[in-house]
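A structural walkthrough
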Amino acid sequence: TGRYRIAPRSPAVGDRFDDTYRAGTLTNRVRTRVVRSEDVSVGGLVVPTMVIESDTVTTGAFSGTRREVLWWSPELRVPIRTKLDVVVAGVVGYESHLEMQLIEVEPAT
């Protein structure tokens, strides 16, 4: 169906996307929305981004939630910044919080 896993080619504020997929015996239901545009500074350059929020609910032996916020650059086709929170319950318990930001647009030589 032409679904994407990170971001559509041309995201626009107000876009919403739903997806359901299986990973082994786990079912993942994802609700994604493009909430705003925002400029992010990367290595002294201003990079226009679209802020995309994605909420996943996983059911099965390792049920839980995943909330991801991406500052996505449609021009560069990469996330400039990301925040990720994961909570897993069921057979084991697990929680994580991750934040990353691109520090340079050009590859290091």
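Residues numbered from 1 in each chain as written. Predicted model: local features only at pLDDT ≥ 70, side-chain atom pairs only at ≥ 80, totals over all residues. Heavy atoms only, no water.

Brief notes about the overall build of the protein chain
Inclusion rule: Here a strand is any run of E in DSSP of at least two residues, a helix any run of H or I of at least four, and the numbering for each starts at the N terminus. Note on classification: 1.4 Å probe, protein chains only; a residue is buried when its accessible area is under 20% of the maximum for its type, exposed when over 50%, partly exposed between these limits.
Tallying secondary structure elements over the protein chain gives 0 helices and 6 strands in all. Secondary structure elements of the protein chain, listed N to C terminal, follow the sequence β-β-β-β-β-β. Once the C-alpha set of the protein chain is aligned to its principal axes, its extents read approximately 45 × 30 × 25 Å. With 109 residues in all, the protein chain has 31% of them scored as buried.

Side note on the packing of aromatic side chains
Which entries qualify depends on this criterion: When two rings of Phe, Tyr or Trp (its six-membered ring) have centres within 6.5 Å they constitute a pair, described as stacked for plane angles under 30 degrees, edge-to-face for angles over 60, and tilted for the intermediate range. Geometrically, a charge over a ring is one whose NZ (Lys) or CZ (Arg) sits within 6 Å of the ring centre while staying within 35 degrees of the ring normal.
Evaluated as defined, the whole model comprises 0 aromatic pairs. Here the basic side chain of arginine 81 rests over the ring of tryptophan 71, its NZ or CZ set 4.1 Å away from the ring centre.

Some remarks on the environment of valine 69
For clarity, the threshold we go by: Residue contacts are counted whenever heavy atoms from the two residues lie within 4.5 Å of one another.
Mapped onto the elements of the fold, valine 69 is located in strand β4 (residues 64-73). Separated by 13 residues in the primary sequence, valine 69 and threonine 82 have C-alpha atoms spaced 5.6 Å apart. Those residues in contact with valine 69, other than ones at most four positions away along the chain, are Val51, Ile52, Glu53, Arg81, Thr82 and Lys83.

Observations regarding the sheet that holds strand β3 (residues 45-59)
As a reminder, the rule being used: Only when DSSP finds a minimum of two bridges between them are two strands counted as paired. Note on method: axes are straight lines fitted to C-alpha atoms, helices fitted across the in-contact stretch only, with angles between N-to-C directions ranging 0 to 180 degrees.
Strand order across the open sheet formed by 6 strands is β1-β2-β3-β4-β5-β6, with antiparallel pairing between neighbours. Every other strand in the sheet has two partners, leaving β1 (16-23) and β6 (94-101) as the edge strands with one partner each. If you compare each strand with its neighbour and ignore which way they point, the axes differ by 20° on average. Two elements, β1 and strand β2 (residues 26-42), share 8 bridges in a ladder whose sense is antiparallel. Among the inter-strand pairings, phenylalanine 17 is bridged to a residue of β2, identified as threonine 32.

Observations concerning the nonpolar core
The cut-off we apply is this: Take the buried Ala, Val, Leu, Ile, Met, Phe, Trp, Tyr and Cys residues and link them wherever side-chain atoms come within 4.5 Å; each set so joined is a nonpolar core.
The biggest cluster of nonpolar side chains holds 7 residues, and these are Val40, Val42, Val47, Val51, Val69, Trp71 and Ile80. For this core, the secondary-structure elements that each account for two or more residues are β2, β3 and β4. In contact with valine 40, not counting residues within four places along its chain, are Leu45, Val46, Val47, Thr49, Trp71, Ile80 and Gln101.

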